[in-house]
Amino acid sequence: MTLTDTKIACYHCGEECSDTPIVSDDKHFCCHGCKTVYEILQDNNLCSYYDLNQHAGISLKAMNLNGRFEYLSDEKIQAQLLDFQSDTLNKVTFYIPAIHCSSCVWLLENFNKIQQGVTSARLNFLKKELSLSYDPTQVTLRTIVELLTTLGYEPLINLQSAEHKPVQNKVKRRLILQIGVVGFCMGNIMLMSFPEYFKLDLNNVVDNTYQRFFLYLNFILSLPVFFFGAIDYLKGAVVSIRENLRKNTDILSVDIPIALGITVLFIRSTFETFVNHSAGYWDSLAGLVFFLLVGKWVQQVTYNYLSFERNYKSYFPLAVKVGEEYKNVSQLQKGDKILIHHQEIIPADALLLADKALIDYSFVTGEAEPIEKTSSNIVYAGGRNMGENIELVVQKQVSQSYLTDLWNNEAFKKEKSTPAIDLANAFSKYFTYTTLLIALLTGVYWYIHEPSLVWRSVTAVLMVACPCALTLSLPFTMNTTMGIFGRNRFFVKNQRVIQLLTEINEVVFDKTGTLTENKNAQVYFEAGKLTDEEARWVARLTSQSTHPLSKIISQSLGVSANATKVNCLNEIKGMGIEGVIEGNFIRVGNADFILSTTENIQSSHVLVEINHQYKGYFVIRPNYRKGWEKVLNKLKMTFSLALLSGDNDAEKATLSPFFTADRLRFNQKPQDKLDFIRQEQQAGNHVLMIGDGLNDAGALRQSNVGVALSEDVQAFSPACDAILDASRFAQLTQFLSFSKIALNIVKASFILSLVYNFIGIGWAVSGKLYPVTAAIFMPLSSLSVVLFAVGMTYLFARIKKLI
């Protein structure tokens with residue numbers, strides 16, 4: 001039988017309440033934590049929080065601080081977190097993953113009304129960063145963090161956040177400054193070019209004087225355009241030519257034809273201004289550089305509020321207790337005796353001093369069930385303590401632990417190649433040589449037939465020929481695609497990832513947390529039957545255990561807030577739990593613990609005994625993600641599939657229809673996954689890896705494209721190329737197919753660009769490309785290519801129902 005119940009929604013978080021919910025002010029709450037938050041908000045007249053969004057809070061059922069933030073009382077630890085520190089004013093910035101709606105913004109920006117001593121609170125919603133200023137004489141950092149956690153907004157404080165403070169992106173600021181300067185100059189140059197556009201009477205002394213003035217002014221305005229706005233393209237071209245001359249490479253950068261066109265525009269326009277005293281091509285020059293810079297900015301814009309380069313330091317706590325004080329985990333030495341609380345991460349390989357411990361390695365190895373460790377066993381870094389507090393002796397420094405070996409693999413030290421970059425370089429190479437050849441032939445032709453047109457025609461060819469398809473259509477198309485993917489909760493690191501997705505011919509999955517859900521499981525009771533009263537007793541007993549399987553069982557059965565007290569409670573770690581409820585002796589555990597049965601029981605089964613009578617056992621099966629079968633069936637039609645799981649083969653029968661026997665592998669270590677990916681690549685395959693845990697980190701990095709599946713895109717996930725919200729897993733095939741559509745749109749833009757270049761070069765070769773014609777034609781061609789690329793991308797996205 002499946003154990004489910006219909007429950008009342010919690011007023012604070014919206015989660016289902018138990019049969020007897022906690023009631024306050026005629027409002028129902030799922031736990032005392034949610035009720036406490038409501039009372040805090042009510043006492044401070046901040047209940048408008050619930051008016052903005054219904055059930056806006058975060059569930060606090062598992063809330064148990066139990067000294068978790070005691071380390072924040074240490075001044076040395078505080079100094080690593082504070083942005084500014086003085087006797088009367090401290091400033092700190094926290095990253096808070098739980099922020100998700102307008103209610104969160106409203107509450108956190110009113111945090112100073114809740115906590116005395118906090119003088120100001122400012123929230124960056126996109127980055128989920130809360131900046132606080134507070135008086136250390138009135139409130140401590142630990143008190144602030146504990147209150148935020150109580151409210152359901154626990155800051156993410158880890159080793160990486162302390163070591164890498166956010167810095168301003170100087171490159172992006174410089175690019176924005178370049179766009180601003182060039183945009184200002186472009187607007188004014190076009191304004192000053194009006195006399196040329198309207199062909200004023202230059203025989204008039206006044207008009208002629210103004211025309212000369214405007215020509216010289218346009219020259220002055222073009223100087224920052226050329227020497228500041230276009231400097232990166234000029235430097236890039238020089239470096240590429242130098243490397244080719246040194247025989248270090250035979251690839252011509254795309255900067256070369258761009259720099260060539262810009263340089264010739266500047267030289268030709270300077271000649272026209274000071275020698276012929278006529279209009280040059282200043283407006284065309286400024287317009288071209290402006291569009292190039294805007295395209296470059298669009299190319300750089302990405303989901304910078306998401307982290308795609310996380311490593312083990314994002315997973316480790318900032319500090320642990322060593323003796324009577326706290327120490328930064330990066331400073332731990334061999335022999336240090338550390339205390340690890342319930343649910344805390346073990347930061348270094350260590351020797352267990354406690355008699356027994358239950359360690360969850362699911363995020364490191366993929367093994368779904370916690371592992372029991374006994375005294376003197378080695379406990380590896382990255383495991384989570386699922387039982388009571390334990391003491392350990394550090395055996396290796398953090399930088400030398402088992403977990404950090406994942407990041408020492410060569411897969412993390414090399415950059416992934418992008419096929420589309422090779423396409424761009426090839427296009428640039430042939431485009432440059434073809435342009436120079438046409439210019440040379442044009443010069444020879446006019447030198448023979450009309451020498452006076454040589455200068456005009458050759459420079460015109462070099463000015464008009466511009467690879468705008470690569471410099472404009474590619475970034476605009478790909479970034480529009482990134483935006484469309486983002487709307488659908490698929491966040492890619494940069495535009496290159498979309499190009500790499502088009503090359504994929506093999507998809508590799510992890511199982512635990514990828515094909516299956518982390519938080520939900522299907523619970524069945526077999527080989528017997530429990531009455532409603534017996535189920536209530538079992539639920540009450542298992543609610544007292546810290547074992548994850550016990551928590552799943554108690555949650556599925558439901559525990560009344562006013563349930564009967566458990567007497568004579570005794571939990572044997574790794575075995576089971578027993579106690580007396582209403583005079584009945586209840587025992588729940590594994591086969592070794594329940595001695596009254598002789599049945600063939602699997603290790604994942606949880607047996608039940610009541611008053612020394614065996615009742616049956618619970619079977620806990622993973623809950624697969626919605627639409628997973630449909631996704632795999634669609635992918636099988638186009639891609640080769642494989643599954644690499646760190647878990648046991650209990651689900652082999654369920655997964656066999658989708659994977660061949662040699663590509664359905666269980667009990668895989670992180671290195672096994674990475675080696676499999678590498679072997680497939682050596683066989684010529686382009687691999688997409690989809691995983692969720694640290695055990696997938698090496699495989700994600702080694703693969704051509706690594707996608708981290710996450711229940712919360714802001715929470716921790718391994719280093720990856722893209723983050724896919726778990727709720728959108730069913731759309732995976734849509735994202736892969738649309739990536740190919742996007743690349744085809746870029747290719748169509750290439751063709752459109754070549755048509756424009758054919759027309760423009762035809763004009764230039766004839767020697768009839770006048771400044772006014774160039775001023776209209778060149779920006780129009782660039783703009784139309786951009787509009788075509790963006791418009792077609794949105795059109796196909798609508799056809800594919802992605803918008």
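For the structure, see preceding data.
Engineer: Just checking my understanding: could you explain helix H11 (residues 231–245) for this structure?
Structural biologist: A turn of α-helix holds 3.6 residues, and therefore any two residues three or four places apart point the same way. The end-to-end C-alpha distance of H11, which contains 15 residues, comes to 21 Å, matching closely the 21 Å that a straight helix rising 1.5 Å per residue would cover. Restricting attention to buried positions, one finds in H11 the residues Ile231, Tyr233, Leu234, Gly236, Ala237, Ser240 and Asn244. Count one or two residues on from H11 and you reach Lys247, which has phi positive near 65°.

Engineer: Help me out: how do you make sense of the packing of aromatic side chains in this one?
Structural biologist: Aromatic rings in a pair are described by how distant their centres are and how their planes are angled relative to each other. A complete count under the given rule lists 18 aromatic pairs for this structure. When the ring of Tyr216 is compared with that of Phe274, the centres are 5.6 Å apart and the planes differ by 20°; the resulting orientation is stacked. With a gap of 58 residues between them, Tyr216 in helix H10 (residues 205–229) and Phe274 in helix H12 (residues 255–274) connect regions that are remote in the sequence. Under the relative-accessibility criterion, Tyr216 is labelled partly exposed at 30%. Among the aromatic side chains, those forming a connected cluster through ring pairs are Tyr216, Phe219, Phe226, Phe227, Phe266, Phe274 and Trp282.

Engineer: Explain the side chain of Glu506 here, please?
Structural biologist: With respect to the helices, strands and loops of the structure, Glu506 is situated in strand S17 (residues 506–509). One polar contact links Glu506 to Asn685, side chain to side chain, over a distance of 3.3 Å. With residues near it in sequence (within four places) discarded, Glu506 still touches Phe639, Ser640, Ala642, Arg663, Phe676, Glu680, Asn685, His686, Val687 and Leu688.

Engineer: What am I meant to see in helix H26 (residues 670–682) here?
Structural biologist: In a regular helix each residue adds 1.5 Å, so 13 residues correspond to 18 Å; H26 covers 19 Å between its end C-alpha atoms and thus fits that length. Residues Pro670, Lys673, Leu674, Phe676, Ile677, Arg678 and Glu680 constitute the buried set of H26. Positive phi appears at Gly684, one or two residues downstream of H26, with a value of about 100°.

Engineer: Where do I start with the pattern of salt bridges in this structure?
Structural biologist: Close approach of charged atoms allows side chains of opposite charge to pair. Taken as a whole and judged by the stated rule, the model has 15 salt bridges. A salt bridge links Arg142 to Glu146, with the nearest nitrogen and oxygen atoms 3.0 Å apart. Pair noted here: Arg142 and Glu146 are both in helix H6 (residues 141–150), with a separation of four residues, about one helical turn. Shared partners join several salt bridges into a network, and the residues in it are Glu506, Arg663 and Glu680.

Engineer: Can you walk me through a nonpolar patch on the surface in this structure?
Structural biologist: A cluster of nonpolar residues, Leu437, Leu440, Leu441, Val444, Tyr447 and Ile448, forms a patch on the protein surface that exposes about 660 Å² of accessible area. Relative to the assigned elements, Tyr447 resides in helix H17 (residues 419–449). What makes Tyr447 exposed here is its relative accessible area of 61%.

Engineer: Would you explain the nonpolar core in this entry?
Structural biologist: General note: in soluble globular proteins, nonpolar side chains tend to be found buried as a group. Residues Phe490, Val507, Phe509, Leu635, Leu655, Phe659 and Leu688 are the most contacted members of the largest nonpolar core, which totals 49 residues. Residue contributions to this core peak at ten residues, all from helix H28 (residues 732–766). Apart from the residues within four sequence positions on either side, Phe659 is in contact with Phe509, Leu632, Leu641, Ala642, Leu643 and Leu664. Counting residues in each nonpolar core, the second largest holds 37 residues, with Phe69, Ala121, Val145 and Leu148 among its members.

Engineer: Can you walk me through the environment of Asp135 in this structure?
Structural biologist: Examined against the element boundaries, Asp135 turns out to sit in the loop between strand S6 (129–134) and H6. By relative accessible area, which is 13% here, Asp135 ends up buried. Between the alpha carbons of Asp135 and Val118 there is a distance of 6.4 Å; along the sequence they are 17 residues apart. Look past the residues within four positions of Asp135 in its chain and what remains in contact with it is Asp87, Thr88 and Gly117. In terms of polar contacts, Asp135 uses its side chain to reach the side chain of Thr137, at 2.6 Å.

Engineer: What is the right way to look at the sheet that holds S6 in this model?
Structural biologist: The strand order S3-S4-S6-S5 describes an open sheet built from four strands, whose pairing is antiparallel. The open sheet has two free edges, formed respectively by strand S3 (82–85) and strand S5 (118–124), since each of these has just one partner strand. The mean inter-strand angle of the sheet, taken between neighbouring strand axes irrespective of direction, is 15°. Taken together, the three bridges between S3 and strand S4 (residues 90–95) define a ladder with antiparallel strand orientation. Within the sheet, the bridge partner assigned to Gln85 lies in S4 and is Asn90.

Quick notes on the rules
- Residues numbered from 1 in each chain as written.
- Predicted model: local features only at pLDDT ≥ 70, side-chain atom pairs only at ≥ 80, totals over all residues.
- Heavy atoms only, no water.
- Helix = DSSP H or I, 4+ residues; strand = E, 2+ residues; numbered from the N terminus.
- Expected span 1.5 Å × (residues − 1).
- Buried < 20%, exposed > 50% of the residue type's maximum accessible area, 1.4 Å probe, protein only.
- Phe/Tyr/Trp six-rings, centres within 6.5 Å; stacked < 30°, edge-to-face > 60°.
- Polar contact = N/O pair within 3.5 Å; in protein donor to acceptor, adjacent residues only side chain to side chain.
- Contact = heavy atoms within 4.5 Å.
- Salt bridge = Lys/Arg side-chain N within 4 Å of Asp/Glu carboxyl O.
- Patch = residues over 30% accessible without salt bridge, like charges linked within 9 Å, V, L, I, M, F, W, Y side chains within 5 Å.
- Areas by Shrake-Rupley, 256 points an atom, 1.4 Å probe, with all protein chains shown as cover.
- Core = buried A, V, L, I, M, F, W, Y, C linked by side-chain atoms within 4.5 Å.
- Pairing = 2+ DSSP bridges.
- Axes fitted to C-alpha atoms, helices over the stretch in contact; angles between N-to-C directions.

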